[in-house]
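Summary of structural features
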Amino acid sequence: MINSDLAVEFAVDYAESYPQGQENIIKRVDISEKGIFADRCGVYYDIDCSSEDVKIEQAVATCLRAYNYKFDKILFVGLGNAKYISDALGEMVLDNLPVANEKMAKFKPQVGRITGIESHDIIISAKKLVKPTLLIAVDSLATNDIARVGNSIQITNVGLTPGSGVGNARKVMTEKSLGVPVLAIGVPLVASVSSGDKKRLVIPIDTEDIVEKLSKTIANGIRQILE
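In this report, we go over the structure that sits alongside the text.

Under the definition given, this model contains 3 aromatic pairs. Ring geometry for Y45 against Y67: centres 5.6 Å apart, planes inclined by 85°, an arrangement best described as edge-to-face. Here Y45 is found in strand β3 (residues 42–48), whereas its partner Y67 is found in the loop between α2 (53–66) and β4 (74–78), with 22 residues between them in sequence. The buried category is assigned to Y67, whose relative accessible area is 11%. Ring centres 6.0 Å apart and planes at 5° place the aromatic pair Y67 and Y69 in the stacked group. The structure contains a cluster of three or more aromatic residues connected by ring pairs, namely Y45, Y67 and Y69. Here the guanidinium or amino end of R40 rests over the ring plane of F10, the centre of that ring lying 4.1 Å away.

In structure tokens, the structure reads:
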């Protein structure tokens with residue numbers, strides 16, 4: 001069975017709120033339970049992608065600013081494998097960001113099965129070189145509801161575990177493990193559906209269009225915090 005990466009799906013006990021003025025597009029989920037999801041405690045923002053692109057872009061910027069982290073030097077990390085469109089979001093977002101400069105750096109660590117090295121360990125090396133005040137990682141997510149595929153953007157300060165949603169969990173990427181504040185941005189692009197007594201991974205036929213559109217939308221939202 002697929003393990004959902006979305007707080008609105010896996011959380012059992014959480015506080016829900018809606019930022020003033022953006023009630024119809026942003027939902028905030030605060031998880032503080034110390035039980036089974038203790039490692040997922042933190043603040044999550046769920047952005048509804050059914051709105052106009054410009055409003056989604058503004059929502060992305062609003063959520064990133066809401067954490068009050070320093071944007072002095074940001075290391076952007078595009079996770080995933082661009083050979084598979086459902087896993088290409090991270091790299092495509094970075095492709096749509098400005099050219100690296102004194103305030104930002106961009107890094108695509110690739111997946112461990114290609115490099116033979118854990119993404120986490122490569123990122124540690126990149127962090128030592130860049131010395132960022134904030135790391136923003138972008139990755140594809142998994143969901144238990146096919147209706148959510150491509151229809152929401154999740155931003156969290158909890159970090160992430162690459163591959164966890166599809167049963168191939170790698171080393172966790174958190175502020176504790178990387179030594180720098182981490183914000184994770186993701187879009188659910190893989191879902192599970194029941195087929196008899198089995199669960200199967202499903203990727204919508206229009207995934208390429210979804211990824212191309214949302215990678216630009218997310219990048220445009222990020223650009224607003226770089227201004």
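With that settled, the discussion passes to the side chain of D5. Checked against the element boundaries, D5 lands in the segment before α1 (7–10). Buried charge D5 goes without a salt bridge, the closest partner of opposite sign being R40 at 4.7 Å. Among the polar contacts made by the side chain of D5, one reaches the main-chain amide nitrogen of A142 at a distance of 2.8 Å.

In this structure, I47, I153, I155, I185 and I222 are the most contacted members of the largest nonpolar core, which totals 36 residues. Apart from the residues within four sequence positions on either side, I47 is in contact with I25, I26, I56, A59, V60, C63, N151, S152, I153 and I155. By size, the runner-up hydrophobic cluster in this structure holds 16 residues, among which are I124, A126, V130 and A137.

This model, assessed by the stated rule, comprises 7 salt bridges. Its salt-bridge partner being R28, residue D30 comes within 2.8 Å of it at the nearest N-O pair.

Take S4: it is sitting in the segment before α1. Setting aside anything within four residues of it in sequence, one finds S4 in contact with E9, F10, R40, A142, T143 and N144.

Quick look at helix α7 (residues 207–226) now. For an α-helix, the turn length of 3.6 residues means that residues three or four places apart are oriented alike. End to end, α7 covers 28 Å across 20 residues, agreeing with the expected 28 Å (1.5 Å per residue, within 8%). If you check which residues of α7 are buried, you get T207, I210, V211, L214, S215, T217, I218, A219, G221, I222 and I225.

Two numbers describe how α2 lies on α7: the axes approach to 8 Å, and their chain directions differ by 50°. As the angle between them shows, α2 and α7 are arranged oblique. Judged by the sense of rotation from one axis to the other, the crossing of α2 with α7 is right-handed. When α2 is examined against α7, the residues D53, I56, E57, Q58, V60, A61, L64 and R65 are found in contact with a partner set consisting of K213, T217, I218, N220, G221, I222, Q224 and I225.

The next subject is the pairing of β4. With 5 of 5 residues buried, β4 lies mostly within the body of the structure. Because side chains alternate across β4, one face comprises the buried residues I74, F76 and G78, and the other comprises L75 and V77, equally buried. Pairing analysis gives 4 bridges linking β4 to strand β5 (residues 104–107), with the strands arranged parallel. Residue pairing in the sheet places I74 in a bridge with M104 of β5. Handedness of the β-α-β unit built from β4, helix α3 (residues 89–95) and β5 comes out right-handed. One ladder, built from 5 bridges, connects β4 with strand β6 (residues 134–143); its direction is parallel. Looking at β6, one finds that F76 is bridged to I136.

Among the 14 residues of strand β8 (residues 182–195), 11 are classified as buried, and the element is accordingly described as predominantly covered. Note that β6 and β8 share 9 bridges and pair parallel. Looking at the pairing, L135 lines up with V182 of β8. With 3 bridges joining them, strand β7 (residues 152–156) and β8 adopt antiparallel strand pairing. If you follow I155 over to β8, its bridge partner there is I185. From the end of β8 to the start of strand β9 (residues 198–202), which pair antiparallel, there are 2 residues, and G196 there has a positive phi angle of about 70°.

How each quantity is defined
Residues numbered from 1 in each chain as written. Predicted model: local features only at pLDDT ≥ 70, side-chain atom pairs only at ≥ 80, totals over all residues. Heavy atoms only, no water. Phe/Tyr/Trp six-rings, centres within 6.5 Å; stacked < 30°, edge-to-face > 60°. Helix = DSSP H or I, 4+ residues; strand = E, 2+ residues; numbered from the N terminus. Buried < 20%, exposed > 50% of the residue type's maximum accessible area, 1.4 Å probe, protein only. Lys NZ or Arg CZ within 6 Å of the ring centre and 35° of its normal. Lys, Arg positive; Asp, Glu negative; His and termini not counted. Salt bridge = Lys/Arg side-chain N within 4 Å of Asp/Glu carboxyl O. Polar contact = N/O pair within 3.5 Å; in protein donor to acceptor, adjacent residues only side chain to side chain. Core = buried A, V, L, I, M, F, W, Y, C linked by side-chain atoms within 4.5 Å. Contact = heavy atoms within 4.5 Å. Expected span 1.5 Å × (residues − 1). Axes fitted to C-alpha atoms, helices over the stretch in contact; angles between N-to-C directions. Parallel < 35°, antiparallel > 145°, perpendicular 65-115°, else oblique. Left-handed = near helix turned anticlockwise from the far one by under 90°. Pairing = 2+ DSSP bridges. Right-handed = clockwise from strand over helix to strand, strands pointing away.

Keep in mind that these numbers describe shape and distance, not what the molecule does.
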